[in-house]
Amino acid sequence: MFKKVELITKFLLGGIFMDSSRLRQIEFTQLTTEELQLMSKYKDEFTKEAERVVDLFYGHIFKYAELKKIIEDHSTVNRLKEIQKQYFISLTDEKIDDAYINRRIAIGLKHREIGLYPKWYLGAYQIYFSEAFKIILSIHGDDLETLEKVYSAFQKRLNFDMQLAMESYISD
């Protein structure tokens with residue numbers, strides 16, 4: 001089981017509260033508070049597109065019998081779609097704090113518990129990478145500098161989320 005990080009020393013950096021190892025992890029991905037603020041400006045677009053993206057996500061997943069079986073054995077599609085919509089929208093949250101991190105880790109733990117292999121879990125992120133790019137492209141298609149800046153921020157956040165999920169697979 002995942003051991004909760006001891007929060008002996010807290011840092012405040014642009015609204016991000018966490019222990020020094022988490023702060024260092026975020027710094028390593030080069031995700032900045034300015035980028036978190038930038039991503040928050042896309043909340044309306046991500047909210048508007050969430051249902052479409054999640055339908056695409058599960059349409060892809062259901063092409064694979066073993067993934068469909070895991071879902072049917074452990075949950076319902078409607079319930080998971082709501083969770084995934086909230087996740088997709090949360091990519092625009094302006095802060096990353098202990099609650100954010102713990103939610104990501106808990107999701108990874110649940111996936112490990114139900115036997116979802118990391119190859120499937122990580123592979124599914126590609127849909128979010130692609131769809132985030134399409135949304136940003138539709139807004140900034142004529143401005144390649146802004147497109148790159150915004151998409152890079154989302155790539156860093158998704159990468160951080162993937163790191164957190166993988167920790168739950170390899171932690172005791």
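Residues numbered from 1 in each chain as written. Predicted model: local features only at pLDDT ≥ 70, side-chain atom pairs only at ≥ 80, totals over all residues. Heavy atoms only, no water.

**Student:** Can you walk me through the environment of Asp 44 in this structure?
**Tutor:** Structurally, Asp 44 can be placed in helix H3 (residues 43-61). What makes Asp 44 exposed here is its relative accessible area of 62%. Between the C-alpha atoms of Asp 44 and Thr 92, which are 48 residues apart in sequence, the distance is 9.1 Å. (Helix = DSSP H or I, 4+ residues; strand = E, 2+ residues; numbered from the N terminus. Buried < 20%, exposed > 50% of the residue type's maximum accessible area, 1.4 Å probe, protein only.)

**Student:** Explain the nonpolar core here, please?
**Tutor:** Most often, soluble globular proteins have nonpolar side chains that are buried together. In terms of nonpolar packing, the biggest core is built from 49 residues, with Phe 46, Phe 88, Ile 96, Tyr 128 and Phe 154 touching the most fellow members. Listed by contribution, the elements that provide at least two residues to this core are helix H2 (33-40), H3, helix H4 (65-74), helix H5 (77-90), helix H6 (98-113), helix H7 (118-140) and helix H8 (144-170). With 12 residues, H8 is the largest single contributor of residues to this core. (Core = buried A, V, L, I, M, F, W, Y, C linked by side-chain atoms within 4.5 Å.)

**Student:** Explain the environment of Ile 61 to me, please; I cannot follow it from the model alone.
**Tutor:** Within the secondary structure layout, Ile 61 lies in helix H3. Separated by 63 residues in the primary sequence, Ile 61 and Ala 124 have C-alpha atoms spaced 7.8 Å apart. Among residues more than four places away in sequence, those in contact with Ile 61 are Leu 67 and Ile 71. (Contact = heavy atoms within 4.5 Å.)

**Student:** Any chance you could explain the confidence of the model for the chain here in plain terms?
**Tutor:** Caution applies to low-pLDDT parts of the model: their predicted coordinates are not meant to be read in detail. In this model, the chain carries an average pLDDT of 89, and 89% of its residues clear a pLDDT of 70 or more. Per-element confidence in the chain is highest for H3, whose mean pLDDT is 98, and lowest for strand E1 (residues 11-13), whose mean pLDDT is 38. (pLDDT = per-residue confidence, 0-100.)

**Student:** Explain the side chain of Asp 161 to me, please; I cannot follow it from the model alone.
**Tutor:** You can see Asp 161 is positioned in helix H8. Ignoring any residue separated from it by four or fewer positions in sequence, one finds Asp 161 in contact with Tyr 87, Leu 91, Tyr 100, Arg 104 and Tyr 125.

**Student:** Help me understand the pattern of salt bridges, please; the structure alone is not making it clear to me.
**Tutor:** Any two side chains of opposite charge can pair, given that their charged atoms come close. Considering all chains together, one arrives at 13 salt bridges under this definition. In this structure, Glu 131 and Arg 52 form a salt bridge, with 2.8 Å as the shortest nitrogen-oxygen distance. On the criterion of sequence distance, the pair formed by Glu 131 in helix H7 and Arg 52 in helix H3 is long-range, its members being 79 residues apart. Residues Lys 85 and Glu 82 are paired through a salt bridge, measuring 3.0 Å at the closest nitrogen-oxygen approach. Within this pair, Lys 85 and its partner Glu 82 are both found in helix H5, separated by 3 residues, close to a single helical turn. By relative accessible area, Glu 82 is classed as partly exposed at 42%. Members of the salt-bridge network, linked through shared partners, are Glu 49, Arg 52, Glu 131 and Lys 134. (Salt bridge = Lys/Arg side-chain N within 4 Å of Asp/Glu carboxyl O.)

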